[in-house]
Amino acid sequence: LVRGHFKLLPVSKARAKLRNMSAKDIKKVEEMLKKTPAPRGLAIPIDDKDAEKELDKEEQWMAGKLRLIAATAKKLGVELEEETRDDLQEDGNYEITDTRNGRFVA
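Along each chain, the written sequence defines residue order, and numbers are assigned to residues from 1. In view of the model being predicted, local features appear only for residues whose pLDDT reaches at least 70, and side-chain atom pairs are presented and counted only at 80 or more, with totals across whole chains, interfaces and linings using the full set of residues. Hydrogens and water are ignored here; the side-chain numbers use all heavy atoms of the structure.

What follows covers the environment of aspartate 86. Counting from the N terminus, the helices are DSSP H or I runs at least four residues long and the strands are E runs at least two residues long. By the secondary structure assignment, aspartate 86 is in helix H4 (residues 85-90). A relative accessible area of 53% means that aspartate 86 is categorised as exposed. Each C-alpha atom, one on aspartate 86 and one on isoleucine 96, is 9.2 Å from the other, the two residues being ten residues apart in sequence. Categorising residues by exposure relies on relative accessible area from a 1.4 Å probe, with only protein chains included: less than 20% of the type maximum marks a residue as buried, more than 50% marks it as exposed, and the intermediate range marks it as partly exposed.

Okay, here's the thing in structure tokens:
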């Protein structure tokens, strides 16, 4: 192959299956998803218009909880763990560091 004897065509960044879908196909899939029931146990229904607000509220609550854990640990002189989830899973522990730190401080 010699430079200039071929041309690279631009590739769409969309997934291969989505590239060939028309707007009608996408709308059909969206309608099917609306009819599909959500898994049981969800705190917020999937089609809730305020789901993003609720998620932001949850994230703010969790951030406040983590600040409280850090402050309490500092008062008690407890050293918080900073292992990643992968590090914990290598040891056979399947919880996140935030949960472990919360238990240690409690």
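Moving on, we come to helix H2 (residues 23-35). An α-helical turn contains 3.6 residues, so a residue and the one three or four places further along point in the same direction. Here the expected length of a helix is defined as 1.5 Å per residue gap, with one fewer gap than residues. Along its 13 residues, H2 runs 19 Å from first to last C-alpha, staying within 8% of the 18 Å computed at 1.5 Å per residue. By the criterion of burial, H2 is predominantly exposed, with just zero of the 13 residues buried.

Moving on: the layout of surface pockets. When its volume is computed, the largest pocket comes out at roughly 220 Å³. Lining the largest pocket we find Leu33, Lys34, Thr36, Pro37, Ala38, Pro45, Ile46, Asp47 and Lys49. The class makeup of the residues in the lining of the largest pocket is five nonpolar, one polar and three charged. Definitions used for this entry: grid spacing 1 Å over protein atoms alone; cavity, a set of points where a 1.4 Å probe fits but cannot get out; pocket, an open set with protein on both sides within 12 Å along at least 5 of 7 lines; lining residue, one with an atom within 4 Å of a point. Grid points are joined across faces, edges and corners, and a volume is the space filled by probe spheres set on the points. Gly falls in the polar group here, along with every residue not listed as nonpolar (Ala, Val, Leu, Ile, Met, Phe, Trp, Tyr, Cys, Pro) or charged (Asp, Glu, Lys, Arg).

This part is about the packing of helix H3 (residues 51-76) against helix H5 (residues 97-105). Their axes nearest at 10 Å, the elements H3 and H5 cross at an angle of 45 degrees. By the angle class used here, H3 and H5 are oblique. When the axes of H3 and H5 are compared, the crossing they make is left-handed. Contacts from Met62, Leu66, Ile69, Thr72, Ala73 and Leu76 of H3 reach H5 at Asp98, Asn101, Gly102 and Val105. For the contact of H3 with H5, the per-class residue count stands at six nonpolar, three polar and one charged. Between N-to-C directions, angles span 0 to 180 degrees; the directions come from axes that are lines fitted to C-alpha atoms, helices contributing only their stretch in contact. Angles below 35 degrees are treated as roughly parallel, those above 145 as roughly antiparallel, those between 65 and 115 as roughly perpendicular, and all remaining angles as oblique. The sense of a crossing depends on the near helix, which, turned anticlockwise from the far helix by less than a right angle, makes the crossing left-handed and, turned clockwise, makes it right-handed. In what follows, a contact means two residues having at least one pair of non-hydrogen atoms within 4.5 Å.

Along the polypeptide, threonine 72 turns up in helix H3. Exposure remark for threonine 72: the relative accessible area of 27% places this residue in the partly exposed category. Between the alpha carbons of threonine 72 and valine 105 there is a distance of 6.8 Å; along the sequence they are 33 residues apart.

Like charges within 9 Å and nonpolar side chains (Val, Leu, Ile, Met, Phe, Trp, Tyr) within 5 Å are joined into patches, using only residues over 30% in relative accessible area that form no salt bridge. Computed with the Shrake-Rupley method and a 1.4 Å probe, the accessible areas treat only the protein chains shown as cover for residues. The working definition used for a salt bridge is a side-chain nitrogen of Lys or Arg within 4 Å of a carboxyl oxygen of Asp or Glu. Charge counting treats Lys and Arg as positive and Asp and Glu as negative, with His and both chain ends excluded. By convention, the charge on Lys lies at NZ, on Arg at CZ, on Asp at CG and on Glu at CD. A contiguous patch of negative charge, built from Asp47, Asp48, Glu52, Glu54, Asp56, Glu58 and Glu59, is present on the exposed surface. Classification of aspartate 47 as exposed rests on a relative accessible area of 60%.

Before going further, it helps to examine the confidence of the model for the chain. Atomic detail in the predicted coordinates should be set aside for any region of low pLDDT. pLDDT measures the predictor's confidence residue by residue and takes values from 0 up to 100. Residue-level pLDDT values for the chain average 81, and 83% of them are 70 or greater. Across the chain, the secondary-structure element scoring lowest on mean pLDDT is helix H1 (residues 16-19), at 63, and the one scoring highest is H3, at 91.

On to H3. Between its first and last C-alpha, H3 extends 37 Å over 26 residues, near the 38 Å set by a 1.5 Å rise per residue. Once H3 finishes, glycine 77 follows within two positions and takes phi at roughly 75 degrees, a positive value.

Another point: the environment of threonine 97. Among the structural elements, threonine 97 can be located in helix H5. Here the alpha-carbon distance between threonine 97 and aspartate 87, two residues ten residues apart in the chain, equals 9.8 Å. Discounting chain neighbours no more than four positions away, the residues touching threonine 97 are Glu81, Glu82, Glu83, Thr84 and Leu88. N or O atoms within 3.5 Å of each other form a polar contact, as long as, within protein, one can give a hydrogen and the other can take it, and as long as residues adjacent in sequence are counted only when both atoms are side-chain atoms. Within the structure, the side chain of threonine 97 is placed 2.4 Å from the backbone oxygen of glutamate 83, a separation counted as a polar contact.

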